Amino acid sequence: MNALVISGGGSKGAYAGGFAEYLMAGCGREYNLFLGTSTGSLLAPLLAAGKLEGAKKVFTTVNQNSIFKACPFLIKKNGPGDFSTSINHFSICRMFLTGKKTFGDSSNLRKLISENFLEEDFNRIRESGKKVFVTVSNLTTEKVEYKSTEDCEYEDFCDWMWASANVLPFMSLMVKDGCEYGDGGFGVVIPIQKAINEKADWIDVIALRPAEKSVKTPRSRNVFQVLTKTFDFMLNSISIDDLMIGQLEAKHRKVDIHFYYTPRILSNHTFVFDPEQMSKWWAEGLKKGENSAPKMHCVKYHERT
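These notes cover the structure that comes with them. Each chain carries its own residue numbering, running from 1 in the direction its sequence is written. Per-residue local features of the predicted model are confined to residues with pLDDT of at least 70, and side-chain atom pairs are confined, for both listing and counting, to 80 or more; whole-chain, interface and lining totals are unaffected and use all residues. Side-chain figures throughout are based on the complete set of non-hydrogen atoms in the structure, without hydrogens or water.

When helices and strands are counted, the chain shows 12 helices and 10 strands. Considered along the principal axes of its C-alpha atoms, the chain spans approximately 60 × 40 × 35 Å. Type-normalised accessible area, obtained with a 1.4 Å probe on protein chains alone, sets the label of each residue: buried when under 20%, exposed when over 50%, and partly exposed for intermediate values. Counting all 305 residues of the chain, 55% fall into the buried class. It only takes one pair of heavy atoms within 4.5 Å for two residues to be counted as in contact. Taking as baseline every contact in the chain between residues at least 6 positions apart, the subset at least 24 positions apart corresponds to 77%. Taken as a whole, the chain presents about 14000 Å² of accessible surface, with 53% of it coming from carbon and sulfur. Here a strand is any run of E in DSSP of at least two residues, a helix any run of H or I of at least four, and the numbering for each starts at the N terminus. Areas reported as accessible are Shrake-Rupley estimates using a 1.4 Å probe. Residue values count occlusion only from the protein chains shown.

Right, dumping it as structure tokens:
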């Protein structure tokens, strides 16, 4: 059984889309399982439904308004790929005055999901025998949960896709079945272990981070930057654990696993959704696939199948 695992990474999901295009269209990979966290949870269902072009359109055209009904920060574009961010005090105050529990409102993202991942796509996945898992964090029970196309109806699954991508407290808190849910990355950034538990014997992992991450960020200038740097630190530590555990478990269970990393730190602003930048990342992911090690793995994959 073959699995594609896509990590969290916000707007950097565009790079994962480009690399997935190489694996699936260029290399001819076929997967039974698709697993994702956060941005990976938004991309995986589209890929499983065979909507590669649809995924590309979404991940290269979205902007802040596509995601946020109320954006908690202000963005200034200084040049190509160069952004500075600050707190949107007016928007946050309005959220608090209306009794909201988070700094921002990402309900536009929920609409975007329904517009691009249709019920017919959901049914197509079910009929094909494929399974898609999205990772969510249950804040009420303090547990990570995996929601699949096999166990949910369409509207519920769209809710779980949305919850998986909601980085709290910047985005919406989803309340469902009496529990509060947020981004799956709070517990699992790269769901390799789940793929192994689902009996995958070939796993391709797209990790939206460099293989060796060494960075010294500039001093924080405001509260928002302190918060985002804290989250980056936490998510980096979780992803390292996911990769380490995944490698050890794959070795123990004799799973053929392949890791594909970004060539560098693509951005420190994963909340910035800039169509120009994301289009470049998609193209870069595709080119990276065409010019690197996966060619050897393509041969190995087709010999195996």
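As a further point, take the packing of aromatic side chains. Between 30 and 60 degrees the pair is tilted, below 30 it is stacked and above 60 it is edge-to-face, where a pair is any two Phe, Tyr or Trp rings, Trp via its six-membered ring, whose centres lie within 6.5 Å. All told, the structure shown has 16 aromatic pairs when counted by the stated rule. Ring centres 5.6 Å apart and planes at 65° place the aromatic pair phenylalanine 170 and phenylalanine 231 in the edge-to-face group. With phenylalanine 170 in the loop between helix 8 (154-165) and strand 7 (174-176) and phenylalanine 231 in helix 10 (residues 223-252), the pair connects residues that are 61 residues apart, well separated along the chain. The exposure class of phenylalanine 231 is buried, given its relative accessible area of 15%. Feature note: the residues Phe68, Phe73, Phe96, Phe103, Phe170, Phe186, Phe231 and Phe271 constitute an aromatic cluster, connected by ring pairs. Two limits define a charge over a ring: the Lys NZ or Arg CZ must be within 6 Å of the ring centre, and within 35 degrees of the ring normal. The ring of tryptophan 160 has lysine 147 lying over it, and the distance from NZ or CZ to the ring centre is 4.4 Å. The ring of tryptophan 160 has lysine 176 sitting right over it, with the charged end atom 5.8 Å from the ring centre.

Before going further, it helps to examine helix 8. Here the expected span of a helix is defined as 1.5 Å times the quantity of residues minus one. Taking 1.5 Å per residue, 12 residues should reach 16 Å; helix 8 reaches 17 Å between its end C-alpha atoms and fits that length. Within the span of helix 8, buried status applies to Tyr154, Phe157, Cys158, Asp159, Trp160, Met161, Trp162, Ala163, Ser164 and Ala165.

Turning our attention to helix 6 (residues 107-116). Of all the positions in helix 6, only Asn108, Leu109, Arg110, Leu112 and Ile113 are classed as buried. Those residues of helix 6 that are buried lie in contact with helix 2 (39-48), helix 3 (52-59), helix 4 (64-67) and helix 8.

The next thing to look at is the pairing of strand 4 (residues 82-87). We treat two strands as partners when DSSP finds at least two bridges between them. The pairing of strand 3 (residues 73-79) with strand 4 spans 6 bridges and is antiparallel. From the neighbouring strand, lysine 76 faces strand 4, where its bridge partner is serine 84. The turn joining strand 3 and strand 4, which pair antiparallel and follow one another in sequence, is formed by 2 residues; a positive phi near 75° is taken by glycine 81.

Looking now at the state of the cysteines. The disulfide definition used here is simple: a pair of cysteine sulfur atoms within 2.5 Å. Under the counting rule described, the total for this entry stands at 0 disulfides. Free of any disulfide, cysteine 71 has its nearest cysteine sulfur in cysteine 93, 15 Å distant. Cysteine 152 supplies the cysteine sulfur nearest to cysteine 179, a cysteine that is in no disulfide, at a spacing of 14 Å. For cysteine 179, a relative accessible area of 13% puts it in the buried group.

Structurally, the position occupied by aspartate 201 is in the loop between helix 9 (192-197) and strand 9 (202-207). When its relative accessible area of 35% is taken as the criterion, aspartate 201 is described as partly exposed. Note: C-alpha distance between aspartate 201 and methionine 1 (200 residues apart in sequence) is 5.5 Å. At 2.8 Å, the side chain of aspartate 201 and the backbone nitrogen of methionine 1 are in polar contact. By the criterion applied in these results, polar contacts are pairs of N or O atoms within 3.5 Å in which, for protein atoms, one can donate a hydrogen and the other can accept it, and in which residues neighboring in sequence qualify only through two side-chain atoms.

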